[in-house]
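Residues per chain, in single letters:
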Amino acid sequence: PSSLKNIKFESPAAAWEDVGGLFQVRAELEETFLWPRKYPELFKQCPLRQRSGVLLYGPPGCGKTFLAGALAKHCELRLIAIKGPE
């Protein structure tokens, strides 16, 4: 769409295997983003509304963008990383 004309999509270099620890976080993110793409017929029958996104928060340098990039690469999704002032 034309609204994404001037948006730069990130090409994450990190792989999902590069994320150390965070097993519960990784499992929840996979459930949120990968499962609906992997099992669409199951999610169509589900009476609950799917999550539409996730807000990652924390101090600078704790790995939020790294985790999001690895997840995007793992799930084959586009990533738009936005800095706080933007």
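Our subject in this report is the structure included herewith. (Residues numbered from 1 in each chain as written. Predicted model: local features only at pLDDT ≥ 70, side-chain atom pairs only at ≥ 80, totals over all residues. Heavy atoms only, no water.)

### Points about the overall build of the protein
Here's step 1: Of the regular secondary structure elements, the protein holds 4 helices and 0 strands.
Here's step 2: Going through the 86 residues of the protein one by one, you find that 19% of them count as buried.
Here's step 3: For the protein, restricting intrachain contacts to residue pairs at least 6 apart in sequence, the fraction spanning at least 24 positions comes to 66%.
Here's step 4: When the accessible surface of the protein is summed, it comes to about 7,100 Å², and 57% of that surface belongs to carbon and sulfur atoms. (Helix = DSSP H or I, 4+ residues; strand = E, 2+ residues; numbered from the N terminus. Buried < 20%, exposed > 50% of the residue type's maximum accessible area, 1.4 Å probe, protein only. Contact = heavy atoms within 4.5 Å. Areas by Shrake-Rupley, 256 points an atom, 1.4 Å probe, with all protein chains shown as cover.)

### Overview of the environment of Arg37
Here's step 1: Turning to its location among the elements, Arg37 is positioned in helix H2 (residues 35–38).
Here's step 2: Residue classification places Arg37 among the partly exposed positions, given a relative accessible area of 47%.
Here's step 3: Counting along the chain gives 38 residues from Arg37 to Cys75, while the straight-line C-alpha distance between them is 8.6 Å.
Here's step 4: Among the polar contacts made by the side chain of Arg37, one reaches the main-chain carbonyl oxygen of Cys75 at a distance of 2.2 Å. (Polar contact = N/O pair within 3.5 Å; in protein donor to acceptor, adjacent residues only side chain to side chain.)

### Concerning unusual backbone geometry
Here's step 1: Of note in this structure, Leu22 is not a glycine but carries a positive phi near 50°.
Here's step 2: Relative to the elements of secondary structure, Leu22 occurs in the segment before helix H1 (23–33).
Here's step 3: Its relative accessible area of 47% is what places Leu22 among the partly exposed residues.

### Describing H1
Here's step 1: Taken together, the buried positions of H1 are occupied by Arg26, Leu29 and Thr32. Burial along H1 is one-sided: seen end-on, the buried residues are contained in an arc of 130°. Seen from the buried face of H1, the exposed residues on the opposite side, beyond 90 degrees, are Phe23 and Gln24.
Here's step 2: Looking at the packing, one finds that the buried side of H1 touches H2 and helix H4 (64–75). (Arc of directions from axis to C-beta.)

### Brief notes about a nonpolar patch on the surface
Here's step 1: A cluster of nonpolar side chains, contributed by Trp35, Tyr39 and Leu42, occupies part of the molecular surface with about 310 Å² of accessible area.
Here's step 2: The topology assignment puts Leu42 in helix H3 (residues 40–45). (Patch = residues over 30% accessible without salt bridge, like charges linked within 9 Å, V, L, I, M, F, W, Y side chains within 5 Å. Salt bridge = Lys/Arg side-chain N within 4 Å of Asp/Glu carboxyl O.)

### Topic: the side chain of Thr32
Here's step 1: On the secondary structure map, Thr32 appears in helix H1.
Here's step 2: Here the side chain of Thr32 touches Glu28 through a polar contact of 2.9 Å, landing on its backbone oxygen.
Here's step 3: Apart from residues no more than four positions distant in its own chain, Thr32 is found in contact with Arg51 and Val54.

### Focus: H4
Here's step 1: With 12 residues, H4 should reach 16 Å at 1.5 Å per residue; the first-to-last C-alpha distance of 16 Å fits that figure.
Here's step 2: Within the sequence span of H4, burial applies to Leu67, Ala68, Gly69, Ala70, Leu71, Ala72 and Cys75. (Expected span 1.5 Å × (residues − 1).)

From the geometry alone we can't say anything about function, so treat these as descriptive.
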